[in-house]
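Inside the fold
Spelled out from the first residue to the last, the chains are:
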Amino acid sequence: MQAPLRIRSLVALTTLLLLPVAHAAPAAPAPPPTRAEVVRDTLHGVVIADPYRWLEDKQSPETRAWIEAQNRYRESLMAGVPGREALKARLDQLLKVDVTGIPLERGGRTFFSKRRADQEQRVLYLRRGPAGLDEVLVDPHPLSTDHTTSVSILDVSPDGTLAAVGTRQGGADEVAVSFLDVDSRKELADRLPPARYFGVAIKPDRSGFFYSKFTTAGSRVYEHAMGTDSTADRPVFGEGYGPEKIITIELSEEGKYLQVSVLYGSAAERSELWVKDLAGGGPPAPVAKDLEGFFFGTVVGDQLYMHTNWQAPKGRVLRADLRDPARERWREIVPQGENIIEGLSLAGGKLFVNELENVVSKVRVLDADGQPLGAITFPALGAVGSMNGRWASNEAFFTFSSFVVPATIFRYDVATGERTVWWRSQAPVESDRFETKQVWYTSKDGTRVPMFLVHRKGLKLDGSNPTLLTGYGGFTVNLTPTFSSEAALWVENGGVYAQPNLRGGSEFGEAWHRAGMLGNKQNVFDDFIAAAEWLVANRYTAPRKLAIEGGSNGGLLVGAAITQRPELFRAAICAVPLLDMLRYHRFLVARFWVPEYGSSEDPAQFRWLHAYSPYQHVKKGVKYPAVLLVSGDSDTRVDPLHARKMTALLQTSTGSGRPILLHYDTKAGHAGGKPVSKQIEDGADETHFLFWQLGMTAAPAGGAPPAATRP
């Protein structure tokens, strides 16, 4: 899930129109009928009825026919609602612009992805030296007629001559791995079949590579010798670890050490660090094990720098000498402070500590022993990406953006501290027309929670502003103020975009995360509901003008909100969601998430899951908001059965007469990779739905925002 996956950073939806309608809007035409066949389970003495268990079978002819009928129903219902073309035209302007990924420097060569405004997918490029021309490495467009195949760089050898390339079909998490000779542009015979990989690391001498692959038994680390058949590869690490663990790998710059991380679930509340001395031989040896906390490490020379929250809930940096890594000899380089440490980057012999101060990015620069050297400052309230660089190079890169300030990639000279613009987005947004601010509100239990608000300057607080409230609240994911074409589109049309920092993230450290996980998950929903109540009480909006959205774990959030407080919202987008929390752990990779949510197999955990699981709390006759559920066949992370079952149950239960629709893509999934034209179409569909329900009129592309009309 973004979703759920935090692996250093290995480990994230758009949405509409108008029709002036009366307060008593006519009921939507009836949806296609769905057969109910109740299956009853008894869990820990409680009988659980499931009327749509049969929809879990994605491949059955009846399910396929049902999906087709649901898509036709949505399309026919929305076809008569004007305004979609204006939204699509504006999204065209916002998304059909040049897009560039943060560069990776190896051997004096810069590798990056770039999509021109007229292209569907990102193309992989090489630039030789700062003034070199951009050379195409891999163009995915010829690989599929519908442009649903995407490519990414997984690793590059230290000399920049060999690249590991991942090829993804649709939105699946699985990728196929190939190896490209950069100078000849020829693929090597060595390949890895489509699978879920947690790291590929090429040896400096190009004689082979290591990779971590998820298998039915669990994650395993393999070593591959170039020129051999990968089916003969044998695991070098991972035996004894089950499928609920995630194992990642990283080679040190010189290739002397292989670092192996074992994550206890996606949120990495606990992890282990192992290091294998490739020069000295022998098996991987544990450095950090049996400790309560996460450990994310980077090796330079013989030194292992560890970003950890062990005995430091807001984070600190420790250093171990790998020649003698005993715990009692670890040295604290960066102590815990008032701000949380979100990430650690090493470049040019210096440490870059990315901190969050009340969810706003701050970057401190320190020497190798943790002595302060200064800070990197930014022009506005926004978010900074991790520094991408190497210990032995003075060249590094980082990104900066805010909600309505498109991304800029900066090149940073570590030796001089000089910062220059390497690339800047040309997305056409008049940022100075809008303001971004942070407010604080009180949740149900008295906890103070921050929320970012974006809207046009001079907004009138009269309770009439159409408002889109989004959130996540889980897996230590921090929602920082990054650029969003959705936010830009929303506020351009006179709306308010609201993003609270719910418990379950790590915006204020591990305590904030734990306050929203396992038996505390209801706090997340309470925080979200309290944000909505604050927006209403402070006259930003009213329930009839309030929409919510969320995806993945955020889809669970939306599902809980509409089942617990249906009267508070007019419309909802529930994307790639988890909704049946009593059965979620049985499907795909959901065992990764048991440390975050719990499992209904455990009697105590069953009680709290049963108390909020959205699918089990839909009630006949309740006036639910209008809901658009979004999912697709290629989601190999959150099983789309959740969206199918919830659609059927809401359609047969709601008493509001408002539409319950399913947008089900037979090719899209969880991991991205959509061609840009598909992103625009889907974004227009989702935004169109919300504009319709909130009584908004879409401004002409590039035009002035209209006044909202009452529904």
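Predicted model, so just to flag it, every value in this text is computed and none were measured. (Residues numbered from 1 in each chain as written. Predicted model: local features only at pLDDT ≥ 70, side-chain atom pairs only at ≥ 80, totals over all residues. Heavy atoms only, no water.)

1. Some points on the overall build of the protein
For the protein, the helix and strand inventory stands at 10 helices and 40 strands. Split into buried and exposed, the 711 residues of the protein put 61% on the buried side. Total accessible area on the protein is roughly 26100 Å²; 51% of this is exposed by carbon and sulfur atoms. Looking at the protein, you have 80 positive and 80 negative side-chain charges, and the mean spots of the two groups are 4 Å apart. (Helix = DSSP H or I, 4+ residues; strand = E, 2+ residues; numbered from the N terminus. Buried < 20%, exposed > 50% of the residue type's maximum accessible area, 1.4 Å probe, protein only. Areas by Shrake-Rupley, 256 points an atom, 1.4 Å probe, with all protein chains shown as cover. Lys, Arg positive; Asp, Glu negative; His and termini not counted. Charge placed at Lys NZ, Arg CZ, Asp CG, Glu CD.)

2. Let's talk about the sheet that holds strand S14 (residues 218–225)
As summarised here, the arrangement of the four strands in space is S12-S13-S14-S15, forming an open sheet in which the pairing is antiparallel. With one partner strand each, in any of the chains shown, strand S12 (197–202) and strand S15 (235–237) form the two edges of the open sheet. With direction set aside, neighbouring strand axes in the sheet form an average angle of 30°. Note: S14 against S15, two bridges, orientation antiparallel. Looking across to S15, one finds that Tyr222 is bridged to Pro235. (Pairing = 2+ DSSP bridges. Axes fitted to C-alpha atoms, helices over the stretch in contact; angles between N-to-C directions.)

3. Points about the sheet that holds strand S11 (residues 186–195)
Ordered in space as S8-S9-S10-S11, the four strands form an open sheet in which the pairing is antiparallel. Both outer strands of the open sheet, strand S8 (149–156) and S11, are each paired with one neighbouring strand and no more. Across the sheet, the mean angle from the axis of one strand to that of its neighbour is 25°, orientation sign disregarded.

4. As for the packing of helix H1 (residues 61–79) against helix H10 (residues 676–694)
Closest axis-to-axis distance for the H1/H10 pair is 11 Å, and the angle between their directions is 55°. With respect to H10, the axis of H1 lies oblique. In terms of crossing hand, the pair formed by H1 and H10 is left-handed. Residues Arg74, Leu77 and Met78 of H1 lie in contact with H10, whose contacting residues are Asp685, His688, Phe689 and Trp692. Classifying every residue of the contact of H1 with H10 gives four nonpolar, one polar and two charged. (Parallel < 35°, antiparallel > 145°, perpendicular 65-115°, else oblique. Left-handed = near helix turned anticlockwise from the far one by under 90°. Contact = heavy atoms within 4.5 Å. Nonpolar A, V, L, I, M, F, W, Y, C, P; charged D, E, K, R; others polar.)

5. Here's the deal with the pattern of salt bridges
Summed over all chains, the structure comprises 55 salt bridges. Two residues, Glu75 and Arg74, come together in a salt bridge whose shortest N-O distance is 3.8 Å. A relative accessible area of 46% places Glu75 in the partly exposed class. Note on Arg74: relative accessible area 9%, which makes it buried. (Salt bridge = Lys/Arg side-chain N within 4 Å of Asp/Glu carboxyl O.)

6. A short note on the packing of aromatic side chains
What the rule picks out here adds up to 31 aromatic pairs. Aromatic side chains Tyr197 and Tyr211 sit 6.1 Å apart centroid to centroid with 70° between the ring planes, which places their arrangement in the edge-to-face category. Placement of Tyr197 in strand S12 and of Tyr211 in strand S13 (residues 208–215) is noted, with a sequence separation of 14 residues between them. Pair check on accessibility: Tyr197 and Tyr211 agree, each one buried. Connected via pairs of aromatic rings, a cluster forms that spans Phe352, Phe378, Phe398, Phe400, Phe410 and Tyr412. Above the ring of Tyr125, the side-chain terminus of Lys114 is found at 4.6 Å from the ring centroid. Residue placement shows Arg270 over the ring face of Tyr264; its charged tip is 4.5 Å from the ring centre. (Phe/Tyr/Trp six-rings, centres within 6.5 Å; stacked < 30°, edge-to-face > 60°. Lys NZ or Arg CZ within 6 Å of the ring centre and 35° of its normal.)

7. A closer look at the environment of Pro286
Locating Pro286 in the fold gives a position in strand S19 (residues 285–288). Placed 26 residues apart in sequence, Pro286 and Val260 show a C-alpha to C-alpha distance of 9.1 Å. What Pro286 contacts, discounting residues up to four positions off in sequence, is Leu273 and Trp274.

8. Some details on the pairing of strand S26 (residues 360–366)
Most of S26 is tucked away, with five of its seven residues classed as buried. Sheet topology places strand S25 (residues 350–357) next to S26; seven bridges connect them, and they run antiparallel. Bridged to Leu351 within S26 is Leu366. Here S25 folds back onto S26, and the loop between the two strands holds two residues, one of which, Asn358, carries a positive phi near 55°. The pairing of S26 with strand S27 (residues 372–376) spans four bridges and is antiparallel. Each residue of the ladder has a partner; that of Val365, found in S27, is Gly374. Here S26 folds back onto S27, and the loop between the two strands holds five residues, one of which, Gly370, carries a positive phi near 90°.

9. What about the nonpolar core?
Core analysis: the largest hydrophobic core is formed by 79 residues, its most contacted members being Met451, Leu469, Trp593, Tyr597 and Leu629. The biggest single contributor to this core is helix H5 (residues 521–537), with nine residues. Core analysis: the second largest hydrophobic core is formed by 42 residues, Met78, Leu87, Val491 and Ala698 among them. (Core = buried A, V, L, I, M, F, W, Y, C linked by side-chain atoms within 4.5 Å.)

10. Brief notes about the packing of H1 against helix H9 (residues 641–653)
In the contact formed by H1 and H9, the axes pass within 12 Å of each other and the chain directions differ by 60°. With respect to H9, the axis of H1 lies oblique. Crossing geometry of H1 relative to H9 is assigned as left-handed. From H1, Thr63, Trp66, Ile67, Gln70 and Tyr73 reach across to H9, where they touch Arg644, Thr647, Ala648 and Gln651. When the residues that make up the contact of H1 with H9 are grouped by side-chain class, the tally is four nonpolar, four polar and one charged.

11. Description of helix H8 (residues 603–612)
Turning to H8, its buried residues are Gln605, Phe606, Leu609 and Tyr612. An end-on view of H8 places all buried positions within 145° of arc, on one side of the element. Residues of H8 that are exposed and point more than 90 degrees away from the buried face comprise Arg607 and Ala611. The inward-facing, buried residues of H8 abut strand S1 (39–43), strand S2 (46–50), H5, helix H6 (553–564) and helix H7 (594–597). Measuring from the side-chain oxygen of the N-cap residue of H8 to the backbone nitrogen of Ala604 gives 3.0 Å; that N-cap residue is Asp602. (Arc of directions from axis to C-beta. Polar contact = N/O pair within 3.5 Å; in protein donor to acceptor, adjacent residues only side chain to side chain.)

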